Amino acid sequence: MITGQRAVAPLRVFLVLLFGVLVLFQTMSLPGQFAHMARQDPEMAYLRWPATAVSIFWVLCVQVVVVATWQLLTLVKKDRIFTEASLRWVDAIVWAILAGWVVLAGVFLYVGFNAEDPGLPLLLFLGLIGVAVLGLLMVVMRTLLRQATTLRSDMEQVI
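Residues numbered from 1 in each chain as written. Predicted model: local features only at pLDDT ≥ 70, side-chain atom pairs only at ≥ 80, totals over all residues. Heavy atoms only, no water.

As recorded in an unreviewed UniProt entry, the protein goes by the name DUF2975 domain-containing protein, listed as coming from Amycolatopsis roodepoortensis.

Enquirer: I'm lost on the overall build of the protein in this one. Help?
Expert: Along its length, the protein carries four helices and zero strands. Starting at the N terminus and walking to the C terminus, you meet the elements of the protein as α-α-α-α. Taken along its principal axes, the extent of the C-alpha atoms in the protein is 70 × 30 × 30 Å. Out of the 159 residues belonging to the protein, those deemed buried represent 25%. (Helix = DSSP H or I, 4+ residues; strand = E, 2+ residues; numbered from the N terminus. Buried < 20%, exposed > 50% of the residue type's maximum accessible area, 1.4 Å probe, protein only.)

Enquirer: Help me out: how do you make sense of the layout of surface pockets in this one?
Expert: A water-sized probe, rolled over the atoms, reveals where empty space remains. Counted as a void, the largest pocket has a volume near 710 Å³. Within the residue set of the lining of the largest pocket, elements represented by two or more residues are α1 (4–40), α2 (48–77), α3 (84–114) and α4 (119–158). Take the lining of the largest pocket: its biggest share by element is six residues, from α2. Among the residues making up the lining of the largest pocket, the classes are represented as 17 nonpolar, two polar and two charged. Of the volumes computed, that of the second largest pocket is approximately 440 Å³. Taken together, 16 residues line the second largest pocket, and the ones lying closest to its centre are Leu72, Leu73, Val76, Ile81 and Met141. Ranked by residue count, the leading element in the lining of the second largest pocket is α4, at five residues. (1 Å grid on protein atoms, 1.4 Å probe; cavity = no way out; pocket = protein on both sides within 12 Å on 5 of 7 lines; lining within 4 Å. Points joined across faces, edges and corners; volume = space filled by probe spheres on them. Nonpolar A, V, L, I, M, F, W, Y, C, P; charged D, E, K, R; others polar.)

Enquirer: Would you mind showing me how to read the packing of aromatic side chains here?
Expert: Given two aromatic rings, one states the distance between the centres and the angle between the planes to describe the pair. Per the counting criterion, the structure on display carries one aromatic pair. For the ring pair Phe108 and Phe125, a centre distance of 5.8 Å and an interplane angle of 35 degrees mean the geometry is tilted. Here Phe108, found in helix α3, pairs with Phe125, found in helix α4; they are 17 residues apart in sequence, far enough to count as distant. Assessed through its relative accessible area of 41%, Phe125 is described here as partly exposed. Directly above the aromatic system of Trp70 lies the positively charged group of Arg12, at a separation of 4.4 Å from the ring centroid. (Phe/Tyr/Trp six-rings, centres within 6.5 Å; stacked < 30°, edge-to-face > 60°. Lys NZ or Arg CZ within 6 Å of the ring centre and 35° of its normal.)

Enquirer: What is the right way to read the packing of α2 against α3 from this model?
Expert: The packing of two helices is summarised by the inter-axis angle and the distance between the axes. For the pair α2 and α3, the least separation of the axes is 9 Å and the interaxial angle reads 165 degrees. Our classification of the angle between α2 and α3 gives roughly antiparallel. Read as a crossing pair, α2 and α3 show a hand that is left-handed. (Axes fitted to C-alpha atoms, helices over the stretch in contact; angles between N-to-C directions. Parallel < 35°, antiparallel > 145°, perpendicular 65-115°, else oblique. Left-handed = near helix turned anticlockwise from the far one by under 90°.)

Enquirer: What's the story with the pattern of salt bridges in this structure? I'm lost.
Expert: Opposite charge on two side chains permits them to pair, given that their charged atoms come into close proximity. Inspection of the entire model under this criterion finds four salt bridges. Between Arg146 and Glu84 there is a salt bridge, with the nearest N and O atoms lying 2.9 Å from each other. Here Glu84 lies in helix α3 and Arg146 lies in helix α4, a separation of 62 residues in the sequence. Arg146 sits in the partly exposed class, given a relative accessible area of 32%. Among the residues examined, Glu84 registers a relative accessible area of 46% and is labelled partly exposed. (Salt bridge = Lys/Arg side-chain N within 4 Å of Asp/Glu carboxyl O.)

Here you go:
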């Protein structure tokens, strides 16, 4: 099984790749896609800018999670993960997930009240549940990190 220290380097490679793809989506793909959709369906063209803004915001939330994860990996590498500094980065992840969830809830409500077909609202509801689970899991992980940090500092005081 791969150890935590050995996983840091490949994880960083994938985080860089993910961040690069997210920047590409933010700057080119999403705005271009919504512009194309507005040209194809002029009745829905009024949704172009709100959909672009919301999508770019969600990508930004993921980018915050990527950067915070990178910082946590740096703390792991330096054997400083059980410090107060790590809790701030986990908080950033929790807040980014919460912000994305709140916007997703707004989109779910808007689409739910205006949809003629239940497919998209159900898909958005699934996303809401998935993001809520992820956010709550991060809150539990933060609690575990807090306990481990307290335990480590208590052990260092004894020694």
